[in-house]
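# Topology and contacts: notes
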Amino acid sequence: MNDETKRNRWLIPLFVAVFGCLGGLTAWVWLYATGEWQDNGIGVAIATNMFLGAVAGFIGVYALKVDSPRFVPHTLALALLCGFAWKPTLEAGREYVATQTAEAEAKVQQQYAKERIELLKDADPEMAPELIRDLESVSQELMESEVAIRDPRLRLELNSVVAHSVEAISEAAQFAPRDSAQALISVEEAAVARGNMRVSRSARNRLENVDDGRELEALEERRRLEALEERRRQRPEKPE
């Protein structure tokens, strides 16, 4: 790569930042012209808007990718607009980072669940309860993480892993029926709370086949009594 190519490689990002800076300055001029600007120091206000505009322009083009840097005039115009609207652009950038972080964490949990499923298939009676509890916990975390995930393919993959976790928990009932039934109940309740009816129905159907019904009956009765006690605690006291 020659010096000319290297120089051109950095020119577009530099111009993007400069036009974002101009967009921030334009935002200040707009506020001043419309009378919405508050007098807290012109120098500070201009410097703040220009700095945030430059950052927003760069984020809009290279992180949010509102345009391809190959089309220079159009890209610079959009960098200017991102700098002008720096507040929503930066908020969108923050949401983008949060989404990327949530998706990365979900992929780690997804891999962890897959490993636990494979271990549970070959587990002995001593290891089964611990693996069942691990799958119960990670299944709930995967369903909870769906709220922050925008990638529809990843959401489907997470749902599939949770479904396989439910299946593995059910099959492990031969070693630990009580732990299996309790895990299925917890996963079903978490699925209902998040509107995931596919997982909820799967957990309920498999729960009905755990043991010969005695463990399920005992757990259902305990859950009913706990719910009744909770309603009693939340019931407002009658004034004397």
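Anything mentioned here points back to the structure above.
Rules behind the numbers
- Residues numbered from 1 in each chain as written.
- Predicted model: local features only at pLDDT ≥ 70, side-chain atom pairs only at ≥ 80, totals over all residues.
- Heavy atoms only, no water.
- Helix = DSSP H or I, 4+ residues; strand = E, 2+ residues; numbered from the N terminus.
- Buried < 20%, exposed > 50% of the residue type's maximum accessible area, 1.4 Å probe, protein only.
- Contact = heavy atoms within 4.5 Å.
- Areas by Shrake-Rupley, 256 points an atom, 1.4 Å probe, with all protein chains shown as cover.
- Expected span 1.5 Å × (residues − 1).
- Axes fitted to C-alpha atoms, helices over the stretch in contact; angles between N-to-C directions.
- Parallel < 35°, antiparallel > 145°, perpendicular 65-115°, else oblique.
- Nonpolar A, V, L, I, M, F, W, Y, C, P; charged D, E, K, R; others polar.
- Core = buried A, V, L, I, M, F, W, Y, C linked by side-chain atoms within 4.5 Å.

## Let's talk about the overall build of the protein chain
- Scanning the protein chain for helices and strands turns up 9 helices and 0 strands.
- For the protein chain, the α and β elements follow one another from N to C terminus as α-α-α-α-α-α-α-α-α.
- The burial tally for the protein chain puts 35% of its 240 residues in the buried class.
- In the protein chain, 68% of the contacts between residues at least 6 apart in sequence involve partners at least 24 apart.
- Roughly 15100 Å² of accessible area belongs to the protein chain as shown, and the carbon and sulfur atoms make up 56% of that amount.

## Comments concerning helix H4 (residues 86-121)
- Spanning 36 residues, H4 covers 53 Å between terminal C-alpha atoms, matching the ideal 52 Å at 1.5 Å per step.
- Within H4, burial applies to Thr-89, Gly-93, Thr-99, Ala-102, Glu-103, Ala-106, Gln-109, Gln-110, Ala-113, Arg-116, Ile-117 and Leu-120.
- In this fold, the buried residues of H4 make contact with helix H2 (42-62), helix H3 (72-84), helix H5 (128-145) and helix H6 (152-171).

## With respect to the packing of H6 against helix H8 (residues 197-207)
- H8 packs onto H6 with a crossing angle of 5° between their chain directions and a minimal axis gap of 10 Å. In this view, H6 runs roughly parallel relative to H8, as classed from their interaxial angle. Along its contact with H6, which presents Asn-159, Val-162, Ala-163, Val-166, Glu-167 and Ser-170, the element H8 presents Arg-198, Val-199, Ser-202, Ala-203 and Arg-206.
- A class-by-class count of the residues in the contact of H6 with H8 yields 5 nonpolar, 3 polar and 3 charged.

## Examining the nonpolar core
- Judged by nonpolar contacts, the single largest core of 32 residues is most densely connected at Leu-120, Ile-132, Leu-135, Leu-142, Met-143 and Val-199.
- Among the elements of the structure, H4, H5, H6, helix H7 (177-193) and H8 are those that each provide at least two residues to this core.

## Things to note about the environment of Val-16
- Looking at where Val-16 falls in the secondary structure, it is placed in helix H1 (residues 3-34).
- On the basis of relative accessibility, which here comes to 0%, the residue Val-16 falls in the buried class.
- Once you skip the residues sitting within four places of it in the chain, Val-16 turns out to touch Gly-57, Phe-58, Val-61, Tyr-62, Thr-75, Leu-76 and Ala-79.

## As for the environment of Tyr-62
- Positionally, Tyr-62 belongs in helix H2.
- Along the primary structure Tyr-62 and Ala-79 are separated by 17 residues, whereas in three dimensions their C-alpha atoms are 9.9 Å apart.

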